[in-house]
Amino acid sequence: MLKEEKKAHLVLPDGRDIQLDVITDNMGNHSIDIASLRKDTGYITYDPGFMNTGSCMSSICYINGEKGILRYRGYDIEDLVQNCDFIEVAYLLIKGVLPNTKERQEYTQLLNKHSLLHVDMRNFFRSYPHGAHPMAILASMVASLSAFYPEMEERDPEDNIDITVTRLLSKMRTIAAFTYRQDKGYDFVEPRYDYSYCENFLNMLFSSPVIDYHPDPVHVKALNQLLILHADHEQNCSTSAVRLVGSSEANLYASVAAGCCALWGPKHGGANQAVMAMLNKIISDGESVESVVEKAKDKNSSFRLSGFGHRVYKTFDPRARIAKKMCKEVLEAGHAQDRLLEVALKLEEVALNDDYFIERNLYPNIDFYTGIIFHLMGIPQSMFTVLFAMGRLPGWIAHYLEWRHDPYQKIGRPRQVYSGPELKKVIPINER
Ligand code: ACO
């Protein structure tokens, strides 16, 4: 990171000419350093949605939205998807380097060792009403881990952060699978020491005493790839939530529970469910994709094409490109025809050739395809965001840890532009 010689000048209404440092990062992007603006001038900046605000310095993830580039710790997403499994990528994000064979083996064993849930925690699952949203269960169960494994609170957190991180990474997979089994009314399936992370998850979802189930290698590969694609995306809504909660020195479990809640919304992690709902509706209503695209353009309608557009990518989302390929692989391996994929491809074609979408740089995002892949793997819609959360977990953890070692380390506390009334006097209740 460099600090440039050149300064940015800001002329205030009272005539003061303020000089601000310009920071140029390793990729040549410039930022204006306003950290002391309020102290020096009394002014703050107004930036709803934080469209122009860099909230931290981070070395974890690099995105170039104009060129469609995504890298974790310097490695291109395509390279990682082709050459690593999810656990290697999780290791990379959390520890900063890719593991060698021995390290990967040891890490996998450690994850398996910590995959069981405390028996009292398992009982919690049975208390949720039938039909409870899996994200509600996931978020509360992740927060509950701090009650069952409170060592982070009790001793110096630096002594046991490694074990806490490993526990969370491993147990979240078990929680996610149990959430599904609870919803189905099935018995829980224990994790197995001889399965990999993704095999174990699929086995915990689908194993049955009356069916000879073995995780399909194509599905294991697809799950690995999907989790890698979701593993980090710099300062998105849920990661910012994790950092913000973590900045109050809340423990890792509590901070990640906040990330789960942020991810839940349809504008973030819930978007793949919205895509499936949209595709299913098109099929059941017999509506043409052309009229759906017209509806998405109509400013009098709140309808948007789910799975299209992205706050950062103004070209094809690189993850969407990989997911589209994977979608076809899973489909071909199952020798299936899928009406949903057919409609999705048609919708994509019509939108990408439409001026409205071209002018606004609206391309399919990752969620446009992931729902279809999960569906082909037999995973129900209600679980889609849970899988997204499983994938995003290493990223959340990496950002939480990065904040812990950030010398700045201030509690996150934005300011506001007040738009309420001036001082008012309370009128006694009987006179109001
Ligand atoms: N369908 C139709 N029009 C759209 C869409 C869409 N999916 N997305 C954006 N637009 C239009 C907006 O109406 C706006 O038009 P205008 O300039 O005429 O007013 C313009 O494109 C810019 O849109 P914004 O909402 O300002 O863009 P922003 O960056 O704030 O939003 C977002 C990005 C939320 C992803 C948006 O594109 C959207 O709602 N997409 C659908 C939901 C979705 O797929 N979310 C998943 C995001 S990816 C993820 O979380 C992993």
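The paragraphs below set out a description of the structure included in this document.

What counts as what
Residues numbered from 1 in each chain as written. Predicted model: local features only at pLDDT ≥ 70, side-chain atom pairs only at ≥ 80, totals over all residues. Heavy atoms only, no water. Buried < 20%, exposed > 50% of the residue type's maximum accessible area, 1.4 Å probe, protein only. Helix = DSSP H or I, 4+ residues; strand = E, 2+ residues; numbered from the N terminus. Pairing = 2+ DSSP bridges. Contact = heavy atoms within 4.5 Å. 1 Å grid on protein atoms, 1.4 Å probe; cavity = no way out; pocket = protein on both sides within 12 Å on 5 of 7 lines; lining within 4 Å. Points joined across faces, edges and corners; volume = space filled by probe spheres on them. Nonpolar A, V, L, I, M, F, W, Y, C, P; charged D, E, K, R; others polar. Near = heavy atom within 4 Å. Polar contact = N/O pair within 3.5 Å; in protein donor to acceptor, adjacent residues only side chain to side chain. Areas by Shrake-Rupley, 256 points an atom, 1.4 Å probe, with all protein chains shown as cover. Axes fitted to C-alpha atoms, helices over the stretch in contact; angles between N-to-C directions. Parallel < 35°, antiparallel > 145°, perpendicular 65-115°, else oblique. Left-handed = near helix turned anticlockwise from the far one by under 90°. Core = buried A, V, L, I, M, F, W, Y, C linked by side-chain atoms within 4.5 Å. Expected span 1.5 Å × (residues − 1).

1. Structural notes on the pairing of strand S4 (residues 61-64)
- Taking every second residue as pointing to the same face, both faces of S4 are buried, with Cys-61 and Ile-63 on one and Tyr-62 and Asn-64 on the other.
- Count of turn residues in the S4/strand S5 (residues 69-72) antiparallel hairpin: four residues, of which Gly-68 carries a positive phi of about 70°.

2. Description of the sheet that holds strand S6 (residues 75-76)
- Taken in spatial order, the three strands make up an open sheet running S4-S5-S6, and their pairing is antiparallel. In this open sheet, the two edge strands, each paired with only one partner strand, are S4 and S6.
- As defined by bridge partners, S5 adjoins S6 across two bridges and the pair is classed as antiparallel. By the bridge assignment for S6, Tyr-72 is matched with Tyr-75.

3. A look at the environment of Phe-368
- Relative to the helices and strands, Phe-368 resides in helix H18 (residues 367-376).
- Classification of Phe-368 as buried rests on a relative accessible area of 0%.
- Ignoring sequence-local partners within four residues, the contact set of Phe-368 consists of Val-275, Met-278, Ser-306, Gly-307, Phe-308, Ala-344, Leu-347 and Glu-348.

4. A look at empty space enclosed by the protein
- Tallied over the full model, the rule gives one cavity of 30 Å³ or more.
- Approximately 40 Å³ is the volume found for the largest cavity.
- Elements with a contribution of two residues or more to the lining of the largest cavity: helix H6 (134-148) and helix H8 (157-184).
- Element by element, the count of residues in the lining of the largest cavity is highest for H8, at three residues.
- Of the residues in the lining of the largest cavity, the class split is five nonpolar, four polar and one charged.

5. Thoughts on the site of the ligand
- Within the structure, the ligand sits among 18 residues, and Arg-304, Leu-305, Gly-307, Phe-308 and Tyr-356 are positioned closest to it.
- Between an oxygen atom of the ligand and a main-chain N or O atom of Gly-307, the distance comes to 2.9 Å.
- Starting from 920 Å² of accessible surface for the ligand in isolation, the protein chains cover 75%.
- Considering only residue class, the shell around the ligand consists of seven nonpolar, five polar and six charged.

6. Focus on the packing of helix H15 (residues 318-333) against H18
- Running from N to C, H15 and H18 point in directions that differ by 25°, and their axes come no closer than 9 Å. The orientation of H15 relative to H18 falls into the category roughly parallel. You can see that H15 and H18 cross each other, and the crossing is left-handed. Between H15 and H18, the contacting residues are Ala-320, Ala-323, Lys-324, Met-326, Cys-327, Val-330 and Leu-331 on the first element and Tyr-369, Ile-372, Ile-373 and Leu-376 on the second.
- Across the contact of H15 with H18, the residue classes break down as ten nonpolar, no polar and one charged.

7. Some thoughts on the nonpolar core
- With 113 residues, the main nonpolar core has Tyr-72, Leu-305 and Leu-347 as its most contacted residues.
- Ranked by the residues each element gives to this core, the list is headed by helix H19 (residues 384-404), at twelve residues.
- Setting aside residues no more than four positions away along its own chain, Leu-347 makes contact with Met-278, Leu-279, Ile-282, Val-289, Val-292, Val-293, Leu-305 and Phe-368.
- Of all hydrophobic cores here, the second largest spans six residues; its members include Ala-8, Ile-18, Leu-20 and Val-22.

8. A look at helix H16 (residues 339-352)
- Helix length check: H16 (14 residues) gives 20 Å between terminal C-alpha atoms against 20 Å at 1.5 Å per residue, within 8%.
- Those residues of H16 that fall on the buried side of the exposure criterion are Leu-340, Leu-341, Val-343, Ala-344, Leu-347, Glu-348, Val-350 and Ala-351.
- In this structure, the buried side of H16 is in contact with helix H13 (271-285), helix H14 (289-297), H15, helix H17 (355-359) and H18.

Note that every value here comes from positions in space, so none of it alone points to a role or purpose.
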